[in-house]
Amino acid sequence: GLAGRLAASRIREDEIAALRALVRGMEARIAAGDGAGYYGLNLDLHARILAATRNAQLVATYENLIKKLHLFRAKNWDNPSELRTANTEHAAMVAALAARDEAAAFDAHFGHVMNAKTRAEAAARAEPPQDTPEEAAHARSGSRRGNHHEDADTAPRRPDGDRLRGGRLRRTGPRAGAGEDPVSG
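Residues numbered from 1 in each chain as written. Predicted model: local features only at pLDDT ≥ 70, side-chain atom pairs only at ≥ 80, totals over all residues. Heavy atoms only, no water.

### What to know about the overall build of the protein
- Across its full length, the protein holds 7 helices and 2 strands.
- For the protein, restricting intrachain contacts to residue pairs at least 6 apart in sequence, the fraction spanning at least 24 positions comes to 54%.
- Just so you have it, the protein exposes about 10900 Å², and 56% of that area is on carbon and sulfur atoms. (Helix = DSSP H or I, 4+ residues; strand = E, 2+ residues; numbered from the N terminus. Contact = heavy atoms within 4.5 Å. Areas by Shrake-Rupley, 256 points an atom, 1.4 Å probe, with all protein chains shown as cover.)

Set out below in structure tokens:
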């Protein structure tokens, strides 16, 4: 939201043209079934919008966040319908920026982030969590070192009452809540 609002008042015409070209490029990648190509253009689009804010702190915060989300986001680029939906949102974001409409840009950008979160959560629910190759090799080796505790009574406990078992956080404390998924919290 904030990036859209700031960029709407600061973006240059050449930056708008570049964003429009990226949206068209992502549409072409969807049509070609090239999820990896789409993902690269998507990263570029978002980085260029952030750069248009002319706000170094916001850019740094985004870059830090994107590093943490990269592996999770990269898994979700094989569904053309989801990509089309996201790219329709991109087009609305760019249109609001081109109109220099700060309120519409805020709404379009905030809506895109919230919709992306919803899509990511749905993808996470549809796919069981996977061990990293290192975790899988460790589990196959039969080693009991580290946080691979299958027995809840011997798993290390964090200060908040949660236990780590099998390389994943298992909520066992008062925050677990009734009906809450014990793995995802």
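### Some points on the environment of glycine 33
- Looking at the secondary structure, you find glycine 33 in the loop between helix H2 (13-31) and helix H3 (35-52).
- Residue glycine 33 is classed as exposed on the basis of its relative accessible area of 64%. (Buried < 20%, exposed > 50% of the residue type's maximum accessible area, 1.4 Å probe, protein only.)

### So, the side chain of arginine 119
- Tracing the chain through its elements places arginine 119 in helix H6 (residues 102-126).
- On the basis of relative accessible area, arginine 119 is assigned to the buried category, the value being 19%.
- Side chain to side chain, arginine 119 and glutamate 89 meet in a polar contact 3.0 Å long.
- The residues contacting arginine 119, other than those within four sequence positions of it, are Glu82, Thr85, Ala86, Glu89 and His112. (Polar contact = N/O pair within 3.5 Å; in protein donor to acceptor, adjacent residues only side chain to side chain.)

### Some details on a nonpolar patch on the surface
- A surface patch of nonpolar side chains, amounting to about 340 Å² of accessible area, comprises Phe106, Phe110, Val113 and Met114.
- With respect to the secondary-structure elements, valine 113 resides in helix H6. (Patch = residues over 30% accessible without salt bridge, like charges linked within 9 Å, V, L, I, M, F, W, Y side chains within 5 Å. Salt bridge = Lys/Arg side-chain N within 4 Å of Asp/Glu carboxyl O.)

### A few points about the packing of aromatic side chains
- Enumeration over the complete set of coordinates arrives at 1 aromatic pair.
- With a centroid separation of 6.0 Å and 5° between ring planes, the pair formed by phenylalanine 106 and phenylalanine 110 is classed as stacked. Here phenylalanine 110 and phenylalanine 106 lie together in helix H6, a separation of 4 residues that amounts to about one turn.
- In this structure phenylalanine 106 comes out as partly exposed when scored by relative accessible area, which is 33%. (Phe/Tyr/Trp six-rings, centres within 6.5 Å; stacked < 30°, edge-to-face > 60°.)

### A closer look at the pattern of salt bridges
- In the structure shown here, the tally under the stated rule is 9 salt bridges.
- Between arginine 48 and aspartate 44 there is a salt bridge, with its nearest N and O atoms 3.0 Å apart. Within this pair, arginine 48 and its partner aspartate 44 are both found in helix H3, separated by 4 residues, close to a single helical turn.
- Overall, arginine 48 belongs to the partly exposed group, its relative accessible area being 39%.
- Through salt bridges with shared partners, one network takes in Arg12, Asp14, Glu15 and Arg54.

### Quick notes on H6
- Relative to the 36 Å expected for 25 residues at 1.5 Å per residue, H6 spans 36 Å between its end C-alpha atoms, a close match to the ideal helical length.
- Taking the backbone nitrogen of alanine 103 as reference, a side-chain oxygen 3.2 Å away marks aspartate 101 as the first, capping residue of H6. (Expected span 1.5 Å × (residues − 1).)

### Focus on the packing of H2 against H3
- Interhelical geometry of H2 versus H3 gives an angle of 160° and a closest axis separation of 9 Å. When the interaxial angle is binned, H2 and H3 end up roughly antiparallel. Crossing handedness for the pair H2 and H3: left-handed. Here Glu15, Ala18, Leu19, Leu22, Val23, Gly25, Met26, Arg29 and Ile30 of H2 come into contact with H3, specifically with Gly37, Tyr38, Leu41, Asn42, Asp44, Leu45, Arg48, Ile49 and Ala52. (Axes fitted to C-alpha atoms, helices over the stretch in contact; angles between N-to-C directions. Parallel < 35°, antiparallel > 145°, perpendicular 65-115°, else oblique. Left-handed = near helix turned anticlockwise from the far one by under 90°.)

### Details of H3
- In this model, H3 (18 residues) spans 26 Å end to end at C-alpha, consistent with the 26 Å of a helix rising 1.5 Å per residue.
- By the burial criterion, the buried members of H3 are Gly35, Gly37, Tyr38, Tyr39, Asn42, Leu45, His46, Ile49, Leu50 and Ala52.
- Within two residues after H3, arginine 54 carries a phi angle of roughly 60°, on the positive side.

Keep in mind these values describe shape, not function.
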